[in-house]
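Single-letter residue listing:
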Amino acid sequence: MGKFSALTFMFCALVIGMAMPMAYANAQEYARFQNIYLGKETTTSIQVFVQDDLGGQNPTVWEVARCNFTSNSATSFGQIRVLDDLLTAGPDRKSQRVGRVQGLITSADFQESALTMNLNFIFTSGQYNGSTLCMLGRNPLGNQYRELAIVGGTGVFRMARGYAITNTYSYDVVTSYGVLEYNIYVAYVDTSRADQ
Ligand SMILES: *[C@@H]1O[C@H](CO)[C@@H](O)[C@H](O)[C@H]1NC(C)=O
Ligand SMILES: *[C@@H]1O[C@H](CO)[C@@H](O)[C@H](O)[C@H]1NC(C)=O
C-alpha cells in the first residue's frame with residue numbers, strides 16, 4: 001500500500017467512524033423526533049397535589065446523605081433526601097390518584113431554607129397516563145409561592161418546557177405530613193397535530 005492510499009484509507013476510516021453513531025440510531029425514532037420537533041406546540045395547565053409524607057408509619061421521603069455539620073446548620077445544609085410521593089387530583093390524600101413524584105431534594109443554601117429539587121412527575125392515569133414531566137429548580141421554603149422550571153418530558157410531554165408554581169397547602173407538625181399544591185404551566189408538541 002503506497003503512502004497516499006494509506007492516508008486515504010485512514011481518512012475514510014475516520015469519516016466512517018464519525019458517521020457510525022448516526023448509523024446506529026433508530027431511523028423510525030429519528031423520523032418521529034423530526035415530526036415532533038417540526039410539530040405545533042400547544043399549552044396546558046395542570047393542577048396536582050403532592051402527598052409529602054415525612055413521618056408516620058410509611059414515610060415516602062427518606063434522607064440518604066448529609067454532611068458533618070448538617071445537624072448544626074439552621075438551614076440543614078447538605079441534607080439530601082429521596083422521595084416517592086403520591087400525586088393526587090385534590091388536596092385530600094384519598095382523592096383521585098394521578099401518579100407519583102420521584103426524585104431528589106437537596107438542602108443547598110447556607111443562608112435560608114431552600115431546596116435544590118430534581119423531580120419527575122409520573123402520570124399513571126387520565127389523559128397523561130404514561131407520560132412524565134421533568135422539573136428542576138430552587139425552592140425557597142420561606143416564600144409562600146415558589147417557581148420551578150419544567151425542563152422536559154416524555155410521552156405526551158415530549159419537548160416540554162414551562163414552569164410550576166408551588167405552595168404548601170397544609171402541613172401537620174404532629175405527623176410530619178405535608179400537602180403541596182403544584183400548578184404546572186407547560187408547552188409541548190401535540191403529536192396528534194405533528195404531521196400538519
Ligand atoms: C467535618 O469534616 C471536615 C473535613 O473532613 C473537618 O475538617 C471538620 O473538622 C469536620 N467537622 C465536624 C464538625 O466534624
Ligand atoms: C395507564 O396505562 C397503563 C399502561 O398502558 C395501563 O395498564 C393502566 O391501566 C392505565 N391506567 C389508567 C388508570 O388508565
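Residues numbered from 1 in each chain as written. Chains lettered and ligands numbered in written order. Predicted model: local features only at pLDDT ≥ 70, side-chain atom pairs only at ≥ 80, totals over all residues. Heavy atoms only, no water.

The protein is annotated in an unreviewed UniProt entry as Dirigent protein from Olea europaea subsp. europaea. Recorded in UniProt for the protein, the comment headed Function (unreviewed entry) runs: "Dirigent proteins impart stereoselectivity on the phenoxy radical-coupling reaction, yielding optically active lignans from two molecules of coniferyl alcohol in the biosynthesis of lignans, flavonolignans, and alkaloids and thus plays a central role in plant secondary metabolism." Per UniProt, the comment on the protein under Subcellular location (unreviewed entry) is "Secreted, Extracellular space, Apoplast". (UniProt positions renumbered as here; feature names shortened; annotations may be inferred.)

Engineer: An account of the pattern of salt bridges is requested, with residue identities and associated values reported.
Structural biologist: Enumeration according to the criterion identifies seven salt bridges in this entry. R158 is the partner of E29 in a salt bridge, and the nearest nitrogen-oxygen pair spans 3.8 Å. Highlighted residues: E29 in helix α2 (residues 27–38) and R158 in the loop between β7 (146–154) and β8 (161–172), separated in sequence by 129 residues. The salt bridge partner of R138 is E112, with a shortest N-O separation of 3.2 Å. Taken together, the residues R138 in strand β6 (residues 132–140) and E112 in the loop between β4 (97–107) and β5 (114–123) connect sequence positions 26 residues apart. Relative accessible area serves as the criterion here: at 40%, R138 is assigned to the partly exposed category. With a relative accessible area of 34%, E112 lands in the partly exposed category. (Salt bridge = Lys/Arg side-chain N within 4 Å of Asp/Glu carboxyl O. Helix = DSSP H or I, 4+ residues; strand = E, 2+ residues; numbered from the N terminus. Buried < 20%, exposed > 50% of the residue type's maximum accessible area, 1.4 Å probe, protein only.)

Engineer: I'd like to hear about the environment of A114, residue by residue, with values.
Structural biologist: Take A114: it is sitting in strand β5. Take A114: its relative accessible area is 4%, and that puts it in the buried class. Taking the C-alpha atoms as reference points, A114 and G142, 28 residues apart in sequence, are found 7.8 Å from one another. Apart from the residues within four sequence positions on either side, A114 is in contact with T106, S107, A108, D109, R138, N139, P140 and L141. (Contact = heavy atoms within 4.5 Å.)

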